[in-house]
Amino acid sequence: MKKLPIWFWQVALLVAIFVGWHLLTVPGLVPPFYFDDENKASFFFGEPLKIFKVIFVWFADGEIYAHLWVTLQETALAFVIGTLLGLGIGLWLGLSNTMSAILDPYIKALNAMPRVILAPIFMVWFGLGIWSKVALGVTLVFFIVFFNVYQGVKEVSPVVLNNARMLGANASQLLRFVYLPSATSWVFSSLHTSVGMAFVGAVVGEYLGSAKGVGYLIHQAEGSFDINTVFAGILVLTLCALLLDFAVTLAENKLLKWRPQQAETETT
Amino acid sequence: MTPALSLEKISVTFTGKSGGAGYTAVKDTSLNIADGEFVSIVGPTGCGKSTLLNIAAGLLRPSSGTVQVFGEPLAGLNARAGYMFQSESLMPWRSALANVTAGLQFRGVDAADAARQGEEWLERVGLGGFGHRYPHELSGGMRKRCALAQMLILDPKIMLMDEPFSALDIQTRQLMENELLELWNANRKSVLFITHDLEEAISMSDRVVVLAAGPATRPIGEFRIDLPRPRDVAEIRMTPRFLELHEQIWHAMKEEVLKGYAQTRNKVPA
């Protein structure tokens, strides 16, 4: 038997999940064995075909685009602002031992705090528009980037540093040509997590109070027990997250070309 | 004539942890290197050879004593010296060419001009056509060549080398030693070369200085190497004069090596 490629099995698994979902939820296909009523399964878990129909209508009517656009905007802004703040403050504290010693307990406290509960405060401060969601995303992204940059600065090889100094680099050149590249490499290694967190911040923010965005759609549908629309929203979000992750992988491959890959072989 | 590098009664004491007694790595060491002279320092492992080199580079301040570079007291980093490190010193995020031209960039040399010089130097150390590769895409020997070019492109008057080839296999190592000698012959700089390998020291140097086992190391012997130049490091090892010198210096070193070995052994918790 010829060996089938991995993607075949991946697709087959996806199909199996949806077929199973379909068989177990559509009333009348399989006799109810857990719920006492054959309509209950579809009430709690939705029906794949109806979910696809909702998604299809969203895209066909174009209703979803405005919501997606808002969610992506919030994600992008949260990611950029959070990364820049994390990079700047990470570099600063990484290079200044006194400041990092003073601020250490505060950083730890802020990081330990469950930041999602800040969402209501941000809504009071920034209103129901995109900026309260951006703020929430920033608080999530910032710490990931900050800790990575801080670590990156602390772990610059002393030999590389001394070598650069012997080659004549002054303090600002060391920052620009040694600390910054070293720190950015750490930022990129945390890119997957931080983009994901920006997305989480945007959706959770929308869910808690907004007038636009995919999180808002889900929240609305939930209010009317429209489970199919809720699942449709979740699927669209998952797809978006996968696309974002793919984009990050592309960016990573381009920017971290200098990093050794495992078991790399020569291709000429 | 003023020596290129002069260490005068250098002592280095590292402060002990949590107020404990300091560790004296180097004590009362004086060393002069003439302009264009190739001097090697040999000694048992952990005796403070690298400490001495860091003092000469200005990366470390001596606890007492003075360092003079071409007659001027050294303040801050030694700008006339190039330093080749024992471990990986290339910037991993820069290509070979960008690494080689880093020093020129720091000095504000025009980028096109720097790239041209960089290509020239890559060619000279046998890395022509490898300029676009990143350090992890180069072999250990190629990375050393790259580091050598990175140092030499700045035309330092003094070269400080800290066991630069110790991580290489023996064939690559002899190849690199010969190349270094060739480059040095073409444009004689003062070299302070640290090694624990006596054969390497004798085959390359004009003078070999033997350090005592640490702590508080100091020179215990100095040997002029009167082997003819140009030399081939592999061939010269077979000559009677080389063996004679090796015998002499080894005799002086042996006791210290054993002492150093005993110390490291005693450090192992029972």
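Residues numbered from 1 in each chain as written. Chains lettered and ligands numbered in written order. Predicted model: local features only at pLDDT ≥ 70, side-chain atom pairs only at ≥ 80, totals over all residues.

### Some details on the overall build of chain B
- On a plain count of helices and strands, chain B comes out with 9 helices and 10 strands.
- Summarising its shape, the C-alpha atoms of chain B cover approximately 55 × 50 × 50 Å along the three principal directions.
- Taken over 270 residues, chain B has a buried fraction of 43%. (Helix = DSSP H or I, 4+ residues; strand = E, 2+ residues; numbered from the N terminus. Buried ≥ 20, exposed ≤ 12 C-beta atoms within 10 Å, placed from the backbone.)

### Observations concerning the overall build of chain A
- Helix and strand counts for chain A stand at 12 helices and 0 strands.
- Starting at the N terminus and ending at the C terminus, chain A contains elements arranged as α-α-α-α-α-α-α-α-α-α-α-α.
- The C-alpha radius of gyration computed for chain A amounts to 24 Å, which surpasses the reference 18 Å derived for 268 residues by more than 25%, pointing to a less compact arrangement than a globule.
- In terms of overall dimensions, chain A has C-alpha extents of about 80 × 60 × 35 Å along its principal axes.
- Considering chain A as a whole, with its 268 residues, one finds that 32% of them fall into the buried category. (Rg over C-alpha atoms; globule rule 2.2 N^0.38 Å.)

### Points about the sheet that holds strand S6 (residues 81-84) of chain B
All names here are of chain B.
- Pairing is mixed across the open sheet formed by 6 strands, whose spatial order is S6-S7-S8-S3-S9-S10. Edge positions in the open sheet fall to S6 and strand S10 (219-224), since each of these has one partner strand only. Each neighbouring strand pair of the sheet contributes to a mean axis angle of 15 degrees, computed without reference to strand direction.
- The pairing of strand S7 (residues 158-162) with strand S8 (residues 190-195) spans 5 bridges and is parallel. The residue bridging Leu160 from the neighbouring strand is Leu192, located in S8. (Pairing = 2+ DSSP bridges. Axes fitted to C-alpha atoms, helices over the stretch in contact; angles between N-to-C directions.)

### Topic: unusual backbone geometry
All names here are of chain B.
- In this model, Arg229 is joined to Pro230 through a cis peptide bond whose omega is -5 degrees.
- Positioned with a positive phi, Asp155 is a non-glycine residue whose angle comes to about 50 degrees.
- Position of Asp155 among the secondary structure elements: in the loop between helix H5 (140-152) and S7.

### Notes on helix H1 (residues 6-25) of chain A
- Taking 1.5 Å per residue, 20 residues should reach 28 Å; H1 of chain A reaches 29 Å between its end C-alpha atoms and fits that length.
- In terms of burial, H1 of chain A is a largely surface element, 1 of the 20 residues being buried. (Expected span 1.5 Å × (residues − 1).)

### What to know about the interface of chain B and chain A
- Contact residues are listed per partner, giving 20 residues for chain B and 16 residues for chain A.
- If you list the elements that add at least two residues to the side of chain B that touches chain A, you get S6 and helix H3 (102-106) of chain B.
- Here the element with the most residues in the side of chain B that touches chain A is H3 of chain B; it accounts for 3 residues.
- Residues of the side of chain B that touches chain A, tallied by class, amount to 12 nonpolar, 6 polar and 2 charged. (Contact = placed C-beta atoms within 7 Å. Nonpolar A, V, L, I, M, F, W, Y, C, P; charged D, E, K, R; others polar.)

### With respect to the environment of Ala216 of chain B
All names here are of chain B.
- Along the polypeptide, Ala216 turns up in the loop between strand S9 (207-211) and S10.
- On the basis of neighbour counts, which here come to 18 C-beta atoms within 10 Å, the residue Ala216 falls in the partly exposed class.
- In the structure, Ala216 is positioned 111 residues away from Gln105 in sequence and 40 Å away in space, judged by C-alpha atoms.

### Some words on helix H5 (residues 97-112) of chain A
- Taking 1.5 Å of rise per residue, 16 residues should cover 22 Å, and H5 of chain A covers 22 Å from first to last C-alpha, within 8% of that figure.
- Along its length, H5 of chain A shows its largest kink, about 50 degrees, at Leu103 of chain A, and proline Pro105 of chain A lies within four residues downstream of that point. (Bend = angle between axes of the 7 residues up to and from the residue.)

### Focus on the sheet that holds strand S2 (residues 23-33) of chain B
Residue and element names in this part refer to chain B.
- Taken together, the 4 strands give an open sheet; going across it, the order is S2-S1-S4-S5, and neighbouring strands pair in antiparallel fashion. Of all the strands in the sheet, the pair left with one neighbour each is S2 and strand S5 (72-73).
- Pairing analysis gives 7 bridges linking strand S1 (residues 5-14) to S2, with the strands arranged antiparallel. Each residue of the ladder has a partner; that of Thr13, found in S2, is Thr24.

### Considering the nonpolar core
- Membership of the largest hydrophobic core comes to 80 residues, with the highest contact counts inside it found for Ala56, Ala149, Leu160 and Leu192 of chain B.
- By residue number, the principal contributor to this core is H5 of chain B, which donates 6 residues.
- Those residues within four positions of Ala149 of chain B in sequence are excluded, and the remaining contacts are Val100, Trp121, Leu122, Arg124 and Val125 of chain B.
- Core analysis: the second largest hydrophobic core is formed by 44 residues, Phe79, Phe146, Met197 and Val203 of chain A among them. (Core = buried A, V, L, I, M, F, W, Y, C linked by C-beta atoms within 7 Å.)

### What to know about the packing of helix H7 (residues 130-154) of chain A against helix H9 (residues 171-189) of chain A
Residues and elements named next belong to chain A.
- Close contact between H7 and H9 brings their axes to 8 Å; oriented N to C, the two are set at 140 degrees. When the axes of H7 and H9 are compared, the pair comes out oblique. The interaxial crossing formed by H7 with H9 has right-handed handedness. Contacts from Val145, Asn148, Val149, Gln151, Gly152 and Val153 in H7 reach Tyr179, Ser182, Ala183, Ser185, Trp186, Val187 and Ser189 in H9. (Parallel < 35°, antiparallel > 145°, perpendicular 65-115°, else oblique. Left-handed = near helix turned anticlockwise from the far one by under 90°.)

### Concerning the pairing of S8 of chain B
All names here are of chain B.
- Among the 6 residues in S8, 6 count as buried, and that is most of the element.
- Here S8 shows two buried faces, one formed by Ser190, Leu192 and Ile194 and the other by Val191, Phe193 and Thr195.
- Examined bridge by bridge, strand S3 (residues 38-42) and S8 share 5 bridges and lie parallel to one another. Each residue of the ladder has a partner; that of Ser40, found in S8, is Phe193.
- The β-α-β motif built from S7, the intervening helix H6 (residues 170-186) and the parallel element S8 has right-handed crossover chirality. (Right-handed = clockwise from strand over helix to strand, strands pointing away.)

### Observations regarding the packing of H7 of chain A against helix H10 (residues 191-208) of chain A
Residues and elements named next belong to chain A.
- At their nearest, the axes of H7 and H10 sit 8 Å apart, and the two run at 155 degrees to each other. As the angle between them shows, H7 and H10 are arranged roughly antiparallel. Read as a crossing pair, H7 and H10 show a hand that is right-handed. Counted together, Ser132, Lys133, Leu136, Gly137, Leu140, Val141, Ile144 and Val145 of H7 and Thr193, Ser194, Met197, Ala198, Val200, Gly201, Ala202, Val204, Gly205 and Glu206 of H10 form the full contact between these two elements.
- Looking at the contact of H7 with H10 residue by residue, the classes come out as 10 nonpolar, 6 polar and 2 charged.

### Describing the confidence of the model for chain B
All names here are of chain B.
- Looking at chain B as a whole, its pLDDT mean stands at 87, while 96% of the residues score no less than 70.
- Confidence scores differ between elements of chain B, with helix H9 (residues 240-267) showing the lowest mean pLDDT of 82 and helix H2 (residues 96-100) the highest of 94.
- Listed scores for the predicted complex are pTM 0.77 and ipTM 0.86. (pLDDT = per-residue confidence, 0-100.)

### Notes on the environment of Asp169 of chain B
- Counting through the fold element by element, Asp169 of chain B comes out in the loop between S7 and H6.
- Put simply, Asp169 of chain B and Lys49 of chain B are 120 residues apart on the chain and 22 Å apart in space, counted from C-alpha to C-alpha.

### Considerations on the environment of Pro156 of chain B
Residues and elements named next belong to chain B.
- Along the polypeptide, Pro156 turns up in the loop between H5 and S7.
- Look at Pro156 and you get buried, because 20 C-beta atoms sit within 10 Å.
- For the pair Pro156 and Tyr83, spaced 73 residues apart in the sequence, the C-alpha separation amounts to 9.2 Å.
- Once residues lying within four places of it in the same chain are set aside, the contact partners of Pro156 are Arg80, Ala81, Gly82, Met151 and Lys189.

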